[in-house]
Amino acid sequence: MTPNQSRLYYSLAEMFNAFGQMTSGLMIGRFMDRTRNLKLTCLLILCATIVGNLLYSLPFHISFILIGRFLCGFNEAFQVALCGEFKRCYKEDDLIRILSWYELFFAIGMAVGPGAPVIFSWVNLKIGHWWINKYNALHVFLTLLLVLLLILLWFQLTDLSKDLDCMKEKHLRQRSQLQCKKDEQRGSLASTEHHDNERYNKKGQSRKLMKWKELLQIDIITLCGCYTILRYAANASAALIAMDATTLFHWPVSWISWLTIAGAGTNFLGITMLIKCGVFKGIKRNYFCFLSAINTTMFILALMLLPKIT
C-alpha cells in the first residue's frame, strides 16, 4: 500500500468514526431522553462497540476497518446518555461535582487511550488466518473487556432515574393516602385530590423533551459551534500527527504511543499545577478555560495550514 493510499484509507476511517459519533449521539441520546432506559441504552452501545472492535481487529478487507470504526464511534453516545442521567438523578450542587469528576476521568481516558498500543507491542499470534499483532491486539483486548463489561451491566445496571421516580411516586402516594385519611375526617377530600392531580400534572409537564426548533437559540448555537470547532481541531490534529509520523517520517507505532502518553501526562500535570495554584477558581474560571481552548484551537488550525514537510 502506497503512502497516498494509507492517507486516504486512514482519513476515511476517521470520517466513518466521526459519523458514527454524530449519528449515535443524536439518535441514542434522543432515545435515552424519551424512554430513560439506561440499561437498554448502555447494552446497545456496548454491543455496537464490541462488534466494531472485533471487525477492526480482522485484517481481511479494508471495509472491515471502515465499518468497525463507524461502530466504534457509537461509544460517544455513552457520554450523552450518562450526562443526561446524571442531570436527572443529582441536584445542582452535586451535579457540578459529579460532572467535573466524570469529565476529568473521561479526558484522561481519551488522552491516554491512544498510547495503549505500546503495551501490546510484543504480541504476535496467529489463529488460523487471523493474525494478531501489535496493530490489532488492543482491539482484541477491548473486545474481551467489553464482553465482560456487558455481562456485568446485564446483571447490575438499573434504570436509575426511573427507579428514583418510582420511589418518589410511591412515597407521594403513601403521603397522599395518609393525608386523605386525615382530610376525610375534616371533610376536605375533594380539595386534596385536586391538589394531588395538579402536582402530578406539573410533574408530567416537567418531563417534556425540548423540541428541535427550540435549539435555534443564539447561546445554544454558539456553544455547539465552538464545541464543534474544538473537537474538530483536536481530532484532526491527532490524526494528522499520526498520519504524517508514519507515512512521512516512518515512525513505528510504539513511538507514536509513547509520544501520546508523554503529551497526555504533560497536559495532566499542567492542569493539576494550575488547579493547585488557584487559577481554576472564582468567577473567571469558565472564561479562562474557554479562552485557553480557543487559543489552543487557533494554534492547531494554523499548524494544519503549514506546507507539508517532505
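An unreviewed UniProt entry lists the chain under the name Major facilitator superfamily (MFS) profile domain-containing protein, with Clytia hemisphaerica as the source organism. Listed in UniProt under the heading Subcellular location (unreviewed entry), the comment for the chain reads: "Membrane".

A. Structural detail: the packing of helix H1 (residues 3-35) against helix H2 (residues 38-56). Contact pair H1 / H2: the axes reach a minimum separation of 9 Å and the direction vectors enclose 160°. Considered as vectors, H1 and H2 are oriented roughly antiparallel to each other. Crossing handedness for the pair H1 and H2: right-handed. In this structure, H1 contributes Ile28, Phe31 and Met32 to the contact, and H2 contributes Leu38, Leu40, Thr41 and Ile45.

B. Representation of the packing of aromatic side chains. Per the stated rule, a full pass over the model turns up five aromatic pairs. Aromatic side chains Phe60 and Phe64 sit 6.4 Å apart centroid to centroid with 80° between the ring planes, which places their arrangement in the edge-to-face category. In this structure an aromatic cluster arises from ring pairing among Phe19, Phe70 and Phe74.

C. Structural detail: unusual backbone geometry. Phi angles above zero are rare outside glycine, and Arg36 is one such case at about 60°. Mapped onto the fold, Arg36 is located in the loop between H1 and H2.

D. Looking closely at the UniProt feature "transmembrane region" (unreviewed entry) in the chain. This chain's UniProt record puts "transmembrane region" (unreviewed entry) on residues 37-56, 104-125, 137-155, 254-275 and 287-306. Between the C-alpha atoms that bound residues 137-155 there is a distance of 28 Å. The span itself is 100% helix and 0% strand.

E. Spatial organisation of the pattern of salt bridges. Summed over the entire model, instances satisfying the criterion amount to three salt bridges. Residue Arg69 pairs with Glu14 through a salt bridge whose shortest N-O separation is 3.0 Å. Placement of Arg69 in helix H3 (residues 62-72) and of Glu14 in helix H1 is noted, with a sequence separation of 55 residues between them. Judged by relative accessible area, which is 15%, Arg69 ranks as buried. Relative accessible area serves as the criterion here: at 25%, Glu14 is assigned to the partly exposed category.

F. Representation of the pairing of strand E2 (residues 130-133). Two elements, strand E1 (residues 124-127) and E2, share four bridges in a ladder whose sense is antiparallel. Considered in E2, the bridge of Asn124 is made with Asn133. Between E1 and E2, which pair antiparallel and follow one another directly, the connecting turn spans two residues, one of which, Gly128, has a positive phi of 65°.

G. Up close: the side chain of Thr41. Along the chain, Thr41 falls in helix H2. The contacts of Thr41, once residues within four sequence positions are left out, are Ile28, Phe31, Met32 and Ala81.

H. Spotlight on the packing of H2 against helix H6 (residues 137-156). Running from amino to carboxyl end, H2 crosses H6 at an angle of 160°, the nearest separation of the two axes being 9 Å. Taken together, the axis directions place H2 and H6 in an arrangement best described as roughly antiparallel. In the crossing of H2 with H6, the sense of the turn from one axis to the other is left-handed. Two secondary-structure elements touch here, H2 through Lys39, Cys42, Leu43, Leu46, Cys47, Thr49, Ile50, Asn53, Leu54 and Tyr56 and H6 through His139, Leu142, Thr143, Leu146, Val147, Leu149, Leu150, Leu153 and Trp154. Of the residues contributing to the contact of H2 with H6, the split by class is 14 nonpolar, four polar and one charged.

I. Quick peek at a nonpolar patch on the surface. Taken together, the side chains of Val147, Leu148, Ile151, Trp154 and Phe155 make up a nonpolar region of the molecular surface, amounting to roughly 550 Å² of accessible area. By the element assignment, Trp154 lies in helix H6.

J. Layout of the environment of Leu150. As for its placement among the helices and strands, Leu150 is situated in helix H6. Remark: the alpha-carbon pair of Leu150 and Cys42, spanning 108 residues in sequence, is separated by 8.6 Å. Once you skip the residues sitting within four places of it in the chain, Leu150 turns out to touch Leu43, Leu46, Cys47 and Ile50.

What counts, and at which threshold
Along each chain, residues carry numbers from 1 onward, in the same order as the chain's sequence is written. The predicted origin of the model limits local features to residues at a pLDDT of at least 70 and limits the giving and counting of side-chain atom pairs to 80 or more, whereas totals for whole chains, interfaces and linings rest on all residues. Computation of side-chain values: all heavy atoms of the structure, hydrogens and water removed. UniProt positions are given in the numbering used here, feature names are shortened, and annotations may be inferred rather than shown by experiment. Every axis corresponds to a line fitted to the C-alpha atoms, with the helix fit spanning only the stretch in contact, and the corresponding angles, defined between N-to-C directions, vary from 0 to 180 degrees. We count a stretch as a helix when DSSP gives it H or I for four or more residues in a row; a strand needs E for two or more, and each element gets its number in order from the N terminus. For classification purposes, an angle smaller than 35 degrees is called roughly parallel, one larger than 145 roughly antiparallel, one from 65 to 115 roughly perpendicular, and anything else oblique. If you view the pair so one helix is near and one far, a crossing is left-handed when the near helix is turned anticlockwise from the far one by less than a right angle, and right-handed when it is turned clockwise. Any two residues whose heavy atoms approach within 4.5 Å at even a single point are treated as in contact. To pair, rings of Phe, Tyr and Trp, with the six-membered ring standing in for Trp, must have centres within 6.5 Å; the planes then decide the type, stacked if under 30 degrees apart, edge-to-face if over 60, and tilted in the middle. Any Lys or Arg side-chain nitrogen found within 4 Å of a carboxyl oxygen on Asp or Glu counts as a salt bridge. For every residue, the accessible area (1.4 Å probe, protein chains only) is compared with the maximum for its type, and the residue is labelled buried under 20%, exposed over 50%, or partly exposed between those bounds. Should DSSP find at least two bridges between two strands, the strands are regarded as paired. Residues are grouped as follows: Ala, Val, Leu, Ile, Met, Phe, Trp, Tyr, Cys and Pro are nonpolar; Asp, Glu, Lys and Arg are charged; every other residue, Gly included, is polar. In this analysis, a patch consists of residues with relative accessible area above 30% that form no salt bridge, clustered at 9 Å for like charges and at 5 Å for the nonpolar side chains Val, Leu, Ile, Met, Phe, Trp and Tyr. Reported accessibility uses the Shrake-Rupley method at a 1.4 Å probe radius. Residues are deemed covered only where the shown protein chains occlude them.

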